[in-house]
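Below are the chains, spelled out letter by letter.
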Amino acid sequence: HRRFDYRPKTDPYCQARYTFCPTGSAIPVMKEEDVIEVYRLQAPVWEFKYGDLLGHLKIMHDAVGFKSSLMGKNYTMEWYELFQLGNCTFPHLRPGMDAPFWCNQGAACFFEGIDDAHWKENGTLAHVTTISGTMFNEMAKWVKYDNETGIYYETWTVQASPDKQSIVWFDSYECSKFILRTYQKLADLGAVFKKIQTNYTSIILFSGEPIYLGNETSIFGPLGNKTVGAAIRDFYYPFRPHRTVREFFVDLLKIIDRVILNREFYLFYNLEYWFLPMKFPYLKIIYEEVPLPVGSKASFGV
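Reading the values: rules and limits
What you see as residue numbers is a count from 1 along each chain, following the sequence as written. At least 70 in pLDDT is required for a residue's local features to be given in this predicted model, at least 80 for side-chain atom pairs to be given and counted, and no such filter applies to totals for whole chains, interfaces and linings, which use all residues. Derived side-chain values reflect all non-hydrogen atoms in the structure, with water molecules and hydrogen atoms excluded from consideration. Secondary structure elements are taken from DSSP: a helix is a run of H or I of four residues or more, a strand is a run of E of two residues or more, and numbering for both begins at the N terminus. Between N or O atoms, a polar contact is any pair within 3.5 Å; within protein, one atom must be a potential hydrogen donor and the other a potential acceptor, and residues adjacent in sequence are included only when both atoms are from side chains. It only takes one pair of heavy atoms within 4.5 Å for two residues to be counted as in contact. Here a cavity denotes grid points, spaced 1 Å and computed from the protein atoms alone, that fit a 1.4 Å probe unable to get out, and a pocket denotes an open set having protein on both sides within 12 Å along at least 5 of 7 lines; residues with an atom within 4 Å of a point are the lining. Grid points are joined across faces, edges and corners, and a volume is the space filled by probe spheres set on the points. Throughout, the ten residues Ala, Val, Leu, Ile, Met, Phe, Trp, Tyr, Cys and Pro are labelled nonpolar, Asp, Glu, Lys and Arg are labelled charged, and all others, Gly among them, are labelled polar. Any two strands are treated as partners once DSSP identifies two or more bridges connecting them. Axis geometry follows a simple rule: fit a line to the C-alpha atoms, using only the stretch in contact for helices, then measure angles between N-to-C directions, giving values from 0 to 180 degrees. Accessibility here uses a 1.4 Å probe with only protein chains present; expressed as a share of the type maximum, an area under 20% marks a residue as buried, one over 50% as exposed, and anything in between as partly exposed. Charge convention: Lys and Arg are scored as positive, Asp and Glu as negative, and His as well as the terminal groups of each chain are ignored. When a carboxyl oxygen of Asp or Glu is within 4 Å of a side-chain nitrogen of Lys or Arg, the pair counts as a salt bridge.

1. Observations regarding the side chain of T201
Topologically, T201 is positioned in strand 8 (residues 199-207). There is a polar contact of 2.6 Å between the side chain of T201 and the backbone oxygen of K58. At 3.1 Å, the side chain of T201 and the backbone nitrogen of M60 are in polar contact. Apart from the residues lying within four places of it in its own chain, the contact partners of T201 are K58, I59, M60, E174, S176, I285, I286 and Y287.

This is how it looks when you write it as structure tokens:
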């Protein structure tokens, strides 16, 4: 996943149904001698609206919690889409614009408090390590760097097969990856994690070797490839928001026809388009263990 030099301003066209990070605050500077407990937080995606529904499918959202002993305060930190998951996964096809329009930024959110009921009811709230105020402050510097350079949400992991040793063509970049990076940073700073099982959700597409198609300019610009551009727009059209149930099912059949029967998928990754020759089993949601990290002497710096 590519890192960028800065975060661009979001376009006013991109609108969120639910405000991003509504109670967000700056990360505080902790006293060096503070003792801070770190918690693993996990709950079903959109639990506030659908309860445990997506939990049954193991589609989970991850966050990390902190409890300061000196300040007596709790904090939550997470990373998610600025404009909800649908906008990060599929683009808008706007009238008068040839290129699909993406609202796919993701960012970190930090706020005071841990909603115990939210995480405990259908998910996880577990103590995983304890750190010093100095380690927390170093982590905060890293979060700023990570947030300013890793700016685009990516829903899909793309693999060659379901085998554990399979080639990973593209890796996802979402909430759980941020939490894994945060844990690794803390481990590199000296945190010692408990030996408990930690599982995370991945949504995987299965594909043969991807074919590079180009970027927005080379495909949709004045000298672009109109045939490829039309194929990309045609592919994304059935994924648009639907106004009626009938419209939804008609387009669902089109999606099945393209992705499963014709084995086609167009992926937008690092501002470039790729064609994926799809393979059985096409798509899979997995909930697998990723162990908590072990620290290394060589810290990846800011």
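Now that the structure has been shown, we can carry on.
2. Considering the layout of surface pockets
One number sums up the size of the largest pocket: a volume of about 1,600 Å³. In terms of lining, the largest pocket is formed by 41 residues, of which the most central are L85, G86, T89, F90 and F239. Residue assignment for the lining of the largest pocket shows that the elements contributing at least two residues are helix 3 (84-89), strand 8, helix 9 (245-261) and strand 11 (272-289). The element contributing the most residues to the lining of the largest pocket is helix 9, with 6 residues. By residue class, the composition of the lining of the largest pocket is 30 nonpolar, 8 polar and 3 charged.

3. Describing the sheet that holds strand 5 (residues 124-132)
Taken together, the 5 strands give an open sheet; going across it, the order is 4-3-2-1-5, and neighbouring strands pair in antiparallel fashion. Strands at the two margins of the open sheet, each flanked by one partner only, are strand 4 (106-112) and strand 5. For this sheet the average axis-to-axis angle between neighbouring strands, irrespective of direction, equals 25 degrees. On the sheet, helix 5 (residues 133-149) packs against strand 1 (35-44), strand 2 (60-68), strand 3 (74-81), strand 4 and strand 5 and is oriented at approximately 110 degrees with respect to strand 5. Together, strand 1, strand 2, strand 3, strand 4 and strand 5 form the strand contacts of helix 6 (residues 175-188), whose direction differs from that of strand 2 by roughly 35 degrees.

4. As for the side chain of R40
Along the chain, R40 falls in strand 1. No salt bridge is formed by the buried R40. Its closest oppositely charged neighbour is D62, at 4.2 Å. Within the local environment of R40, its side chain forms a polar contact with the backbone oxygen of N199, the two atoms lying 2.6 Å apart. Among all residues touching R40, those that are not within four sequence positions of it are D62, A63, T124, L125, A126, V128, Y183, Q197, T198, N199 and Y200.

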